[in-house]
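Residue-level listing of the chains:
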Amino acid sequence: MKRKIWGLIAVALALSLSAFTSFRPERKTGSYYWFALDSFSGMPLTTSTLIYQPADPYNCANWGPYGYCVGAFTSYTGSSGAYEAAGVEVMIHSSLYP
Amino acid sequence: MSVRTIKGLPSLKEFITKKKNSIAEVCAFSLILLFVYAASSKLFRWHLFRFQLESYPWIRHFAGWVVWGVPALELAIAVLLISGKERLKGFYLSSVLLVVFTAYLLVMLRTQHHLPCSCGGVIQGMTWGQHIVFNLFFILFSITGGLCQRQQQASGSSIFFSSP
């Protein structure tokens with residue numbers, strides 16, 4: 001019985017943490033490197049112009065389904081003339097900016 | 001032969017034997033926390049989870065199933081870990097799920113660069129490399145917990161089998 005109580009405490013803790021992180025108003029205030037995505041494969045395309053700007057969906061060039069802006073990456077590789085996306089792609093939802 | 005490196009201190013094997021119940025408890029607690037957190041984060045923001053799955057190679061064709069199947073499996077594992085008699089199955093299933101997910105990540109990172117993070121809540125802030133280390137840590141927890149639980153059940157010291 002004692003063990004089940006510990007299990008239920010873990011469940012309550014996990015649900016509280018999850019609700020807090022899921023329903024908290026989330027604003028991605030950082031800036032990202034924006035890349036156009038291939039319309040067929042979804043892979044980021046190489047670009048000669050590096051765009052580094054805040055995660056504001058009003059500047060979004062690549063709208064995905066369900067109101068998500070795609071193509072914001074945390075890093076890049078390459079030098080002038082041929083930049084490639086690197087790091088993690090961040091999902092940005094239009095509702096984040098009223 | 002008794003192995004004692006420092007006089008008065010028990011060996012690692014003795015320590016594990018004595019503390020196996022506590023080790024299994026800590027592992028189960030951590031895994032329940034992980035799976036319930038992961039499942040509820042996905043369900044609370046299922047539209048985001050589905051969108052991310054649809055952008056994943058291979059999985060995108062089954063996104064409709066995976067979006068409900070993965071949280072359901074995670075919750076089922078948590079239930080098994082809470083229930084005394086089925087806890088060993090919970091440890092086994094949790095090892096399998098984490099190994100499959102980590103293997104998928106490793107293969108995808110070797111072959112693809114476009115892999116948006118489908119992880120929820122605080123885990124979303126991790127890079128894929130950090131996520132793999134995180135998974136390996138919990139795989140270790142699952143295996144250790146499973147071994148301790150199996151020894152515990154074999155020796156019949158578990159309260160689940162000694163009392164009604």
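Residues numbered from 1 in each chain as written. Chains lettered and ligands numbered in written order. Predicted model: local features only at pLDDT ≥ 70, side-chain atom pairs only at ≥ 80, totals over all residues.

Things to note about the overall build of chain A
Stage number 1. A count of helical and extended segments in chain A gives one helix and four strands.
Stage number 2. Along chain A, helices and strands appear, N-terminal first, in the series α-β-β-β-β.
Stage number 3. Burial status across chain A gives 27% buried among its 98 residues.
Stage number 4. Long-range pairs, those at least 24 residues apart, make up 51% of the contacts in chain A between residues at least 6 apart in sequence. (Helix = DSSP H or I, 4+ residues; strand = E, 2+ residues; numbered from the N terminus. Buried ≥ 20, exposed ≤ 12 C-beta atoms within 10 Å, placed from the backbone. Contact = placed C-beta atoms within 7 Å.)

Regarding the overall build of chain B
Stage number 1. Helix and strand content of chain B: six helices and zero strands.
Stage number 2. Going through the 164 residues of chain B one by one, you find that 34% of them count as buried.
Stage number 3. Considering only residue pairs separated by 6 or more positions, chain B has 69% of its internal contacts joining residues 24 or more positions apart.

Comments concerning the nonpolar core
Stage number 1. Core analysis: the biggest nonpolar cluster contains 26 residues, and Leu31(B), Ile32(B), Phe35(B), Val36(B), Ala78(B) and Leu81(B) have the highest contact counts within it.
Stage number 2. For this core, the secondary-structure elements that each account for two or more residues are helix H1 (2-23) of chain A together with helix H1 (12-44), helix H3 (63-82), helix H4 (87-111) and helix H5 (128-155) of chain B.
Stage number 3. Not counting the four nearest positions on each side in its chain, Val36(B) is found in contact with Ala10(A), Val11(A), Ala14(A), Leu15(A), Leu75(B) and Ala78(B).
Stage number 4. Counting residues in hydrophobic clusters, the runner-up holds nine residues, among them Tyr32(A), Tyr33(A), Ala72(A) and Phe73(A). (Core = buried A, V, L, I, M, F, W, Y, C linked by C-beta atoms within 7 Å.)

A word on the environment of Gly71(A)
Stage number 1. Tracing the chain through its elements places Gly71(A) in strand S3 (residues 68-79).
Stage number 2. Along the backbone, Gly71(A) and Tyr32(A) are 39 residues apart, and their C-alpha atoms lie at a distance of 9.1 Å.

Side note on the packing of H3(B) against H4(B)
All names here are of chain B.
Stage number 1. Relative orientation of the contacting elements H3 and H4 amounts to 150°, with a least axis distance of 7 Å. Considering the relative orientation of H3 and H4, their crossing is left-handed. Residue-level inspection shows Leu73, Ile77, Leu80 and Leu81 of H3 in contact with H4, the latter providing Arg87, Lys89, Gly90, Leu93, Ser94 and Leu97.
Stage number 2. Residues belonging to the contact of H3 with H4 are distributed by class as follows: six nonpolar, two polar and two charged. (Axes fitted to C-alpha atoms, helices over the stretch in contact; angles between N-to-C directions. Left-handed = near helix turned anticlockwise from the far one by under 90°. Nonpolar A, V, L, I, M, F, W, Y, C, P; charged D, E, K, R; others polar.)

As for the confidence of the model for chain B
All names here are of chain B.
Stage number 1. Averaged over all residues, the pLDDT of chain B equals 79, while 74% of them reach at least 70.
Stage number 2. When mean pLDDT is taken per element in chain B, H3 scores highest with 92 and helix H6 (residues 159-162) scores lowest with 41.
Stage number 3. Per-residue pLDDT stays below 50 along residues 158-164; that stretch engages in seven contacts with residues further than four places along the chain or on separate chains.
Stage number 4. Model confidence for the complex is summarised by a pTM of 0.70, with the ipTM given as 0.70. (pLDDT = per-residue confidence, 0-100.)

Quick look at H3(B)
Stage number 1. In this model, H3(B) (20 residues) spans 29 Å end to end at C-alpha, consistent with the 28 Å of a helix rising 1.5 Å per residue.
Stage number 2. Residues Val66(B), Val67(B), Pro71(B), Glu74(B), Ile77(B), Ala78(B), Leu80(B), Leu81(B) and Ile82(B) constitute the buried set of H3(B). (Expected span 1.5 Å × (residues − 1).)

Points about the packing of H4(B) against H5(B)
Residues and elements named next belong to chain B.
Stage number 1. Between H4 and H5, the shortest axis-to-axis distance is 9 Å and the interhelical angle comes to 155°. Taken together, the axis directions place H4 and H5 in an arrangement best described as roughly antiparallel. When you trace H4 past H5, the crossing you get is left-handed. (Parallel < 35°, antiparallel > 145°, perpendicular 65-115°, else oblique.)

Regarding H5(B)
An α-helical turn contains 3.6 residues, so a residue and the one three or four places further along point in the same direction.
Stage number 1. Spanning 28 residues, H5(B) covers 40 Å between terminal C-alpha atoms, matching the ideal 40 Å at 1.5 Å per step.
Stage number 2. Along H5(B), the positions that sit buried rather than exposed are Phe141(B), Ser142(B), Gly145(B), Gly146(B), Cys148(B), Gln149(B) and Gln152(B).

Topic: the environment of Cys69(A)
All names here are of chain A.
Stage number 1. In this fold, Cys69 is placed in strand S3.
Stage number 2. Judged by C-beta crowding, with 23 C-beta atoms within 10 Å, Cys69 ranks as buried.
Stage number 3. Separated by 21 residues in sequence, Cys69 and Val90 place their C-alpha atoms 8.9 Å apart.

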